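Notes for the structure review
Single-letter residue listing:
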Amino acid sequence: MDVKQIYTLINKVSGEVLGKTDIVTEDLTGIVDLGKEVFNQNAVDNYVKSLVNHIGKVIFVNRPYAGKVPSVLMDAWEFGSVLEKISADVPEAEENDTWDLEDGTEYKQDVFHKPTVTAKFFNSKVTFEVPVSITERQVKESFINAAQLNGFISMIYAAVEKSMTIKADALIMRTINNMIAETVLADAQAFGATADLASASTARCVNLLKLYNDKYFPATPATGDGEPTPNPNALTAAKAITDPDFIRFASYVMGTYADRLQSISTVFNVGGKERFTPKDMLHVVLLSDFAKAAQTYLYSDTFNRGDVLLPQAETVPFWQGSGKNYDFASTGHINVKESGGKAVEITGVLGVMFDRDALGVCNLDRRVTTNYNAKAEFFNNYYKFDAGYFNDTNENFVVFFIK
């Protein structure tokens with residue numbers, strides 16, 4: 001063991017802590033052990049200088065990871081592969097003859113009125129596996145008892161479970177991201193753009209920043225053939241999520257949508273179907289940057305905070321990735337090719353609201369297969385994951401963003 005004398009450093013530290021000296025440069029070289037990947041077998045005792053140091057304590061880094069993504073898992077089924085969703089269109093009303101009877105007139109009652117029923121079939125699945133090999137005898141030489149060996153094996157299995165959770169969570173987020181892309185693309189094309197809603201806000205793709213600036217900092221109308229003059233006081237996207245007035249406005253708009261989605265309408269889904277979403281079937285997912293900003297910059301100094309609360313929601317730290325420093329430009333950014341292969345890029349996504357049936361992960365099948373290699377005496381375990389990920393654009397789905 002390497003032992004270092006630090007009495008001179010401790011004397012200096014004591015003076016700083018007690019307020020006897022100013023802050024000085026402290027040399028911490030060799031004080032805190034950063035560890036080594038491979039143990040140095042030349043490490044010997046400090047007595048006879050020939051006894052190799054032994055391991056005195058073993059700690060296994062074995063911490064389960066539950067993941068942090070919205071809960072969109074659906075019931076699994078054992079047989080068959082297809083998910084079929086059947087829906088009926090709302091029939092039109094006809095004239096009621098009860099209050100307009102005429103003598104001698106025949107009123108037909110045996111006309112057949114066929115209901116309009118449609119079905120969607122989802123029959124695709126993605127799969128992956130995580131392999132891991134466990135030796136039967138070789139690993140025993142590194143431990144001193146069965147308890148340590150069992151702890152080591154348990155740590156490996158926990159690492160595999162952690163890997164499975166990370167990958168499954170990533171696919172769940174891609175299911176949500178693809179639905180965002182499908183919705184943005186459909187509305188952008190209505191404006192003649194490929195996938196850019198910077199200057200527009202629609203019923204399904206709500207540009208909160210545009211709505212806020214149009215209401216409180218409108219541009220000066222154009223004269224003649226000129227362009228409108230932007231208001232110099234208009235809020236920018238960079239400052240929006242920390243601005244209490246904007247957060248209050250965003251909360252107001254999101255609250256109205258939570259109510260609007262409960263009324264049957266064709267407005268809030270790409271397919272234009274008659275749909276409504278009761279509160280118990282509404283999923284609200286917010287970017288944690290925005291949700292935490294609301295708590296810090298709005299709720300903390302608001303007396304009647306219940307009046308400005310955002311809708312009850314799950315939060316995600318990012319939609320696609322954190323980038324290298326978790327800045328908002330990365331966490332709120334989505335850049336994908338949607339299911340049809342068209343590129344969609346959108347920045348500043350703050351949240352989504354959707355019906356429970358709009359997207360999901362179903363036919364979940366997790367299993368482990370094992371084989372034993374008798375020649376080399378080790379086990380191969382294959383952790384497999386199959387699931388179907390679906391988007392139904394006939395169901396309500398709303399995107400909130402700032403751009």
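Residues numbered from 1 in each chain as written. Predicted model: local features only at pLDDT ≥ 70, side-chain atom pairs only at ≥ 80, totals over all residues. Heavy atoms only, no water.

1. A few points about the pairing of strand β10 (residues 359–373)
Two strands pair when backbone bridges link them, and β10 and strand β11 (residues 378–391) are joined in this way by 13 bridges, in the antiparallel orientation. If you follow Arg367 over to β11, its bridge partner there is Lys384. Where β10 folds back onto β11 in an antiparallel hairpin, the turn is made up of four residues, including Glu377, whose phi is positive at roughly 55°. (Pairing = 2+ DSSP bridges. Helix = DSSP H or I, 4+ residues; strand = E, 2+ residues; numbered from the N terminus.)

2. A word on helix α3 (residues 208–216)
Residues of α3 that are buried include every one of Leu208, Leu209, Tyr212 and Asn213, and no others. For α3, the angular spread of buried residues about the axis comes to 125°, placing them on one side. (Buried < 20%, exposed > 50% of the residue type's maximum accessible area, 1.4 Å probe, protein only. Arc of directions from axis to C-beta.)

3. Some details on the sheet that holds strand β4 (residues 205–207)
The five strands lie next to each other as β4-β12-β9-β5-β6, forming an open sheet whose pairing is mixed. The open sheet has two edge strands with one neighbour each: β4 and β6 (314–316). Strand after strand, the sheet turns through a mean of 20° between neighbouring axes, direction not considered. Inspection of the sheet shows strand β9 (residues 349–355) paired to strand β12 (residues 397–401) by five bridges, in the antiparallel sense. Residue pairing in the sheet places Gly351 in a bridge with Phe400 of β12. (Axes fitted to C-alpha atoms, helices over the stretch in contact; angles between N-to-C directions.)

4. Thoughts on the sheet that holds β10
Spatially, three strands are ordered β3-β11-β10 in an open sheet, and the strand pairing comes out antiparallel. The open sheet has two free edges, formed respectively by β3 (126–135) and β10, since each of these has just one partner strand. Taking the axes of each pair of neighbouring strands and ignoring which way they run, one obtains an average angle of 15° across the sheet.

5. Observations concerning the nonpolar core
Ranked by size, the top nonpolar core spans 43 residues in total, and within it Ile180, Trp319, Val352, Phe354 and Phe397 carry the most contacts. The biggest single contributor to this core is helix α2 (residues 146–190), with 14 residues. With 31 residues, the next largest nonpolar core counts Leu235, Phe246, Ala291 and Leu350 among its residues. (Core = buried A, V, L, I, M, F, W, Y, C linked by side-chain atoms within 4.5 Å.)

6. With respect to the pattern of salt bridges
The full count for this structure, using the stated rule, is nine salt bridges. The partner of Glu129 in a salt bridge is Lys384, with the nearest N and O atoms 2.5 Å apart. Here Glu129, found in strand β3, pairs with Lys384, found in strand β11; they are 255 residues apart in sequence, far enough to count as distant. A salt bridge links Asp214 to Lys210; the shortest N-O distance between them is 3.0 Å. Taken together, the residues span about one helical turn, with Asp214 and Lys210 both in helix α3 at a distance of four residues. (Salt bridge = Lys/Arg side-chain N within 4 Å of Asp/Glu carboxyl O.)

7. Quick look at the side chain of His283
Of note, His283 is situated in strand β5 (residues 282–287). When residues no more than four places from it in sequence are discounted, the contact partners of His283 are Ser71, Glu314, Val352, Met353, Phe354 and Arg356. (Contact = heavy atoms within 4.5 Å.)

8. Observations regarding the packing of α3 against helix α5 (residues 244–260)
Running from N to C, α3 and α5 cross one another at 110°; their axes reach a closest spacing of 10 Å. Viewed along their axes, α3 and α5 adopt a mutual orientation that is roughly perpendicular. Between α3 and α5 lies a crossing of right-handed hand. The residues of α5 that touch α3, namely those facing Leu208, Leu209, Leu211, Tyr212, Lys215 and Tyr216, are Asp245, Phe246, Phe249, Ala250, Val253 and Met254. (Parallel < 35°, antiparallel > 145°, perpendicular 65-115°, else oblique. Left-handed = near helix turned anticlockwise from the far one by under 90°.)

9. Digging into the environment of Asp214
Residue class for Asp214 comes out partly exposed when judged on its relative accessible area of 43%. Considered as a pair, Asp214 and Asn231 are 17 residues apart in the sequence and their alpha carbons are 9.6 Å apart.

10. A few points about unusual backbone geometry
With a phi angle near 60°, Tyr326 is a residue other than glycine that sits in the positive phi range. Note that Tyr326 resides in the loop between β6 and α7 (328–331). Located in the positive-phi region is Glu377, a residue other than glycine, with phi close to 55°. Secondary-structure assignment places Glu377 in the loop between β10 and β11.

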